[in-house]
Amino acid sequence: NAGVTQTPKFRVLKTGQSMTLLCAQDMNHEYMYWYRQDPGMGLRLIHYSVGEGTTAKGEVPDGYNVSRLKKQNFLLGLESAAPSQTSVYFCASSYTASGKGAKNIQYFGAGTRLSVL
Amino acid sequence: QKEVEQDPGPLSVPEGAIVSLNCTYSNSAFQYFMWYRQYSRKGPELLMYTYSSGNKEDGRFTAQVDKSSKYISLFIRDSQPSDSATYLCAMSFYSGAGSYQLTFGKGTKLSVIP
């Protein structure tokens, strides 16, 4: 059982280049999330999805786009990378059991370390 | 003021010590309270979660929630070097339109010295 898998693990980009980060989960979770983690800033939500074909903006969405074409995959795109997007990116997925409140236990991938020069 | 406040540390303790990690929050809409552990260069992993005020114990770990004071704690008994990690508190809430989110503290870095 792999859980949440992120690809790639490391990447170095030049300013202006584009790339896509892939997240795959095998737990049949409805919800998926993309975060960035920066020193002193904690985890900040970029975009999220409540189901296949749906996406929504989080706290820091500018400069990123996402797609959820399949339930198990959630893609994060950088169209024109900037040095401010140097960060560690985490994908997470979760389920919610109806009638039990907003439990929202999220399971995280190992992260993608991105440097933009 | 951020919704969740957590002292970033770092916190350094000798092996065998009792560790207390804390978070305060301001949003009464938070429903579940969680603690995640994150080892260096790894993703966060869930340690414990609680819903109601009171204590919940799991081995050497005890999570405590005081909703009246908007204060949560994680206690680690008989701390081990393998407990050295960053501990993140997280709180869940319903954000509308069928979506649920977590708000995280910034994390406390803990080092347990042999």
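Please refer to the structure placed before this passage.
Reference entry: report on the structure contained in this document. (Residues numbered from 1 in each chain as written. Chains lettered and ligands numbered in written order. Predicted model: local features only at pLDDT ≥ 70, side-chain atom pairs only at ≥ 80, totals over all residues. Heavy atoms only, no water.)

**Quick notes on the overall build of chain B**
Summing up its helical and strand segments, chain B has zero helices and eleven strands in all. The secondary structure elements of chain B, listed N-terminal to C-terminal, are β-β-β-β-β-β-β-β-β-β-β. By the compact-globule yardstick of 13 Å for 114 residues, chain B fits well, its C-alpha radius of gyration being 14 Å. Expressed as a percentage of the 114 residues in chain B, the buried residues total 46%. Residue pairs in contact within chain B that sit at least 24 positions apart in sequence constitute 52% of those at least 6 positions apart. Split by element, the accessible area of chain B, about 5500 Å² in all, is 48% carbon and sulfur. (Helix = DSSP H or I, 4+ residues; strand = E, 2+ residues; numbered from the N terminus. Rg over C-alpha atoms; globule rule 2.2 N^0.38 Å. Buried < 20%, exposed > 50% of the residue type's maximum accessible area, 1.4 Å probe, protein only. Contact = heavy atoms within 4.5 Å. Areas by Shrake-Rupley, 256 points an atom, 1.4 Å probe, with all protein chains shown as cover.)

**So, the pairing of strand β3 (residues 19-25) of chain B**
Looking along a regular strand, one sees the side chains alternate between the two faces of the sheet. Residues and elements named next belong to chain B. The alternating pattern of β3 places V19, L21, C23 and Y25 on a buried face and S20, N22 and T24 on a face that is not buried. The pairing of strand β1 (residues 4-6) with β3 spans three bridges and is antiparallel. If you follow Q6 over to β3, its bridge partner there is C23. (Pairing = 2+ DSSP bridges.)

**Details of the sheet that holds strand β7 (residues 65-67) of chain A**
Residues and elements named next belong to chain A. Judged by pairing direction, the sheet is antiparallel, and its four strands sit side by side in the order β1-β3-β8-β7 without closing on themselves. Edge positions in the open sheet fall to β1 (4-7) and β7, since each of these has one partner strand only. Looking at each pair of strands side by side, their axes are set apart by 20° on average, direction ignored. (Axes fitted to C-alpha atoms, helices over the stretch in contact; angles between N-to-C directions.)

**A few points about the side chain of T108 of chain B**
All names here are of chain B. Turning to its location among the elements, T108 is positioned in strand β11 (residues 108-113). We classify T108 as buried; its relative accessible area is 6%. In this structure the side chain of T108 is engaged in a polar contact, spanning 3.3 Å, whose partner is the side chain of Q6. A polar side-chain atom of T108 sits 2.4 Å from the main-chain carbonyl oxygen of D7. Apart from residues no more than four positions distant in its own chain, T108 is found in contact with Q6, D7, P8, G9, L11, L21, A85, T86 and Y87. (Polar contact = N/O pair within 3.5 Å; in protein donor to acceptor, adjacent residues only side chain to side chain.)

**A closer look at the state of the cysteines**
Evaluated as defined, the whole model comprises two disulfides over all chains. Bridging C23 of chain A to C91 of chain A, the disulfide has an S-S length of 1.9 Å. With the S-S bond torsion at -75°, the cross-link from C23 of chain A to C91 of chain A turns out left-handed. Taken together, the residues span a long stretch of sequence, with C23 of chain A in strand β3 (residues 19-25) and C91 of chain A in strand β9 (residues 87-94) at a distance of 68 residues. Taken individually, C23 of chain A and C91 of chain A each receive the classification buried, so the pair is uniform in this respect. With a sulfur-sulfur separation of 2.0 Å, C23 of chain B is cross-linked through a disulfide to C89 of chain B. The chirality of the disulfide connecting C23 of chain B with C89 of chain B is left-handed, given an S-S dihedral of about -100°. Placement of the pair is C23 of chain B in strand β3 and C89 of chain B in strand β9 (residues 85-96), with a sequence separation of 66 residues. For the pair C23 of chain B and C89 of chain B, one class covers both residues: buried. (Disulfide = S-S within 2.5 Å.)

**Re the pattern of salt bridges**
All names here are of chain A. Summed over all chains, the structure comprises six salt bridges over all chains. Put simply, R36 and D38 hold a salt bridge, and the shortest N to O gap is 2.8 Å. For R36, a relative accessible area of 9% corresponds to the buried category. For the salt bridge of R44 with D38, the shortest nitrogen-to-oxygen distance reads 2.9 Å. Grouping residues by exposure puts R44 and D38 together as buried. Bridged by salt links that share partners, the residues R36, D38 and R44 form one connected network. (Salt bridge = Lys/Arg side-chain N within 4 Å of Asp/Glu carboxyl O.)

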